[in-house]
Amino acid sequence: MEKNCLAVDIGASSGRLILGSLKNGKLNLEEIHRFENCIVEKNGHFCWDIDGLFNEIKVGIKKCYRKGIKPVSIGIDTWAVDFVLLDDNDQLLTDAVAYRDPRTDGIMEEVTDLFLKERLYLETGIQFQKFNTIYQLYALKKKNPEVLKKAKTFLMIPDYLHYLLTGKKANEYTNATTTQLINAFTRKWDKEIICKLGLNMDMFQEIKMPKQTLGTLREELVEEFGFDMEVILPATHDTGSAVISVPELEDTIYLSSGTWSLIGVENHFPICVTKALDYNFTNEGGMDFQFRFLKNIMGLWMIQEVRRNYNNGYSFVELADLSRQHPEFVSTVNVDDPRFLKPDNMIEEIRKYCSETNQRIPEHPGEIAKCVFDSLAIGYKKAVSEIEDIFEKEFSKINVIGGGSQNELLNRLISDVTKKEVYAGPVEATAIGNLVAQFIALGEIEDINNARRIIKHSFEVKKYV
Ligand SMILES: Nc1ncnc2c1ncn2[C@@H]1O[C@H](COP(=O)(O)OP(=O)(O)OP(=O)(O)O)[C@@H](O)[C@H]1O
Ligand SMILES: C[C@H](O)[C@H](O)[C@@H](O)C(=O)CO
Ligand SMILES: [Mg+2]
C-alpha cells in the first residue's frame, strides 16, 4: 500500500496542503487545500492570523479524511524570522507579529552598535535584514520588557503550528538560523549573543534537524480528524525546503521566486568573508547540514501589491501580458530600496521613485508591471554577478523555482539580462522539498541525491535560452 505524506507549505501570500505519494519511481502530488494568507492589523501591529492559519491546516487534514486518505505523516513549513512567545502556562504572550511591521525600525543599527557587524556576521553568517528575529526580540525587550520577562517558550511560526498539533516544543534548525542567533559553526543557539542582548536563554528550545520526528498528534486532534499522523520535521524554513527540489545543482544558481526572490547556491560551509558581508549575502542552514548561500531580493511582493492596488482587477498573467504592450517603457527602480518593503501604495511609491530619479513616470498598468519585472531582472543580474565574484567562477544556469517560475515573461527577461540558461520549475518546490524530508525519514527515499533524481523524473522544467 503506497504511503501518503502531507506537506503544509504556508507562504506570505498563500498556503497549501499537498499530498505526496511515490509510484513507479515518480513523486505524485495532489493539492488537497489552498488558501490565501496575508498580513492583518492587530493591536497596532502588522500580524499573521495564526489561529486562522491553524484552522486552514485542520480544514485540509479533514479534506484528506473525507477523501478516504489517511496520510502517515505531516510536516509544516512557512516564511522565516517570525515567532510567538508562550508563558509558563503555555499560553500566547504575543501576537504573531509580521516581519514587515515597523517595530524594528532603527533597531538593527542599535544592535550593531552593541556588536561589531563583522563579528555578528562571522559568528552567524546571516544577512542584515532589519526584520531578523534578533531585532524583533530586541525591539520587544525595549518596548515591552514585561512580556519578555514572562516568556518561557520561544517558538517560530512553524514550530508553534507543530506544537499545536503535537504538544511538543522544539526549534527546527533551518528556520532557527534565520533568527541571526544561531552560531553557524556549532549550529546551536549562540549563548554569548543572546545573553549580551539581555534575552532569556532558557526560552529557546532544543534545536531539531529536518527529518527528525517531533511526535504524533494530540489525542483531541486524533478524535477530531479520525486518524493519527507522525509529525516529521521538514526544513521548516520554506526556502530551505524549496532548494531541496532543485533537480540539478551543478553549475546552477537557484532563484526561489515567490513573495520574495531568494537567489543563491547550495554550499557545504558558511562563507562569512567581508565581500559576502558587503554584498549582504546570508548562510541560512539547510537540510543535511548544507548552507544556503543566498540573498533576499524584494521579489514578486511588488507585483502582488500592484495587483492589490488595482483591487485585484488583473491576474498575474494579465499583468505580464499588459507589460508586453509597452516595450518602449524603460524606467526602472532599485527593488531593494527599503521604501518598497511595506509602502501604503506600491504603485504610488514606484511612480514617486521614477519622478525622483528623473525617469518617465509609469501611468498604464502595463507600464507599472513592466517597470517591476524589468527592475527585478536587473536585481537578479546584480546578485548573479556578486555570486560569481565571490565564488570566482561563472555559473551557466539559473533554476527558477516556486510560483514565480510560471511567469514566462520574467523567465525570458532573466535569461536575456543574465545571458544564462534559465530553467523554470518545479512550481511547488517548497512542498516537494517538505515531502522529501518526510519520505527520507520514513525510509521511502534513500537520500537527497536520490530524491533529486526522482524530482527530475517527476516534474516538468522548462528551459529558456
Ligand atoms: N500563473 C502565474 N503566472 C505568473 N506568475 C504567477 C502565476 N501564479 C503565481 N504567480 C506568481 O507567483 C507568486 C506566488 O508564488 P508562491 O506561490 O511560490 O508564493 P508563496 O508561497 O505564496 O509565498 P512565499 O514566497 O512567501 O513562499 C505570485 O506573487 C505571482 O507573482
Ligand atoms: C522574511 C524572510 O526573509 C522570508 O521569509 C524569506 O526567507 C523567505 O523564505 C520567503 O519565502
Ligand atoms: Mg512559498
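Residues numbered from 1 in each chain as written. Chains lettered and ligands numbered in written order. Predicted model: local features only at pLDDT ≥ 70, side-chain atom pairs only at ≥ 80, totals over all residues.

## A closer look at the UniProt feature "active site" (unreviewed entry) in the protein
In the numbering used here, UniProt assigns the feature "active site" (unreviewed entry) to Asp-238. Tracing the backbone through its elements, the reader meets Asp-238 in helix H10 (residues 238–242). (UniProt positions renumbered as here; feature names shortened; annotations may be inferred. Helix = DSSP H or I, 4+ residues; strand = E, 2+ residues; numbered from the N terminus.)

## With respect to the site of ligand 2
Neighbouring ligand 2 are 13 residues; Trp-79, Ala-80, Tyr-99, Thr-239 and Trp-260 lie closest to it. By residue class, the composition of the shell around ligand 2 is 6 nonpolar, 6 polar and 1 charged. Here the shell around ligand 2 spans two domains, since at least three of its residues come from each of domain 1 (4–238) and domain 2 (248–425). (Near = placed C-beta within 6 Å. Nonpolar A, V, L, I, M, F, W, Y, C, P; charged D, E, K, R; others polar. Domains from an automatic or database assignment.)

## Some points on the sheet that holds strand S3 (residues 26–36)
One open sheet holds the 6 strands; their spatial order is S3-S2-S1-S6-S12-S11, and the pairing between them is mixed. Looking at which strands have only one partner, the edges of the open sheet turn out to be S3 and strand S11 (213–216). Along the sheet, successive strands turn relative to each other by an average axial angle of 25°, direction set aside. Here strand S1 (residues 4–10) runs beside strand S6 (residues 73–78); their pairing, made up of 6 bridges, is parallel. (Pairing = 2+ DSSP bridges. Axes fitted to C-alpha atoms, helices over the stretch in contact; angles between N-to-C directions.)

## Some points on the domain arrangement of the protein
When the domains of the protein are assigned, the result is domain 1 (4–238) and domain 2 (248–425). One C-alpha centre belongs to domain 1, the other to domain 2, and the line joining them spans 25 Å. When residues of the side of domain 1 that touches domain 2 are traced back to their parent elements, those giving at least two are helix H3 (117–124) and helix H7 (173–176). Tallying contributions element by element places H3 first for the side of domain 1 that touches domain 2, with 3 residues. The class makeup of the residues in the side of domain 1 that touches domain 2 is 9 nonpolar, 9 polar and 3 charged.

## Details of the site of ligand 1
Around ligand 1, a shell composed of 20 residues is seen, among which Gly-11, Ala-12, Gly-258, Thr-259 and Gly-403 lie nearest. Taken together, the elements giving at least two residues each to the shell around ligand 1 come down to helix H12 (301–309) and helix H13 (316–323). Residue contributions to the shell around ligand 1 peak at 3 residues, all from H13. Shared between two domains, the shell around ligand 1 takes at least three residues from each, and those domains are domain 1 (4–238) and domain 2 (248–425).

## Structural notes on the sheet that holds strand S18 (residues 421–424)
Pairing in this open sheet of 7 strands is mixed, and the strands run S15-S16-S14-S13-S17-S18-S19 from one edge to the other. At either end of the open sheet lies a strand with only one pairing partner, and these are strand S15 (282–285) and strand S19 (462–464). If you compare each strand with its neighbour and ignore which way they point, the axes differ by 30° on average. Alignment of strand S14 (residues 261–267) against strand S16 (residues 291–297), held across 7 bridges, turns out to be antiparallel. Counted as the bridge partner of Asn-267 is Phe-291 from S16.

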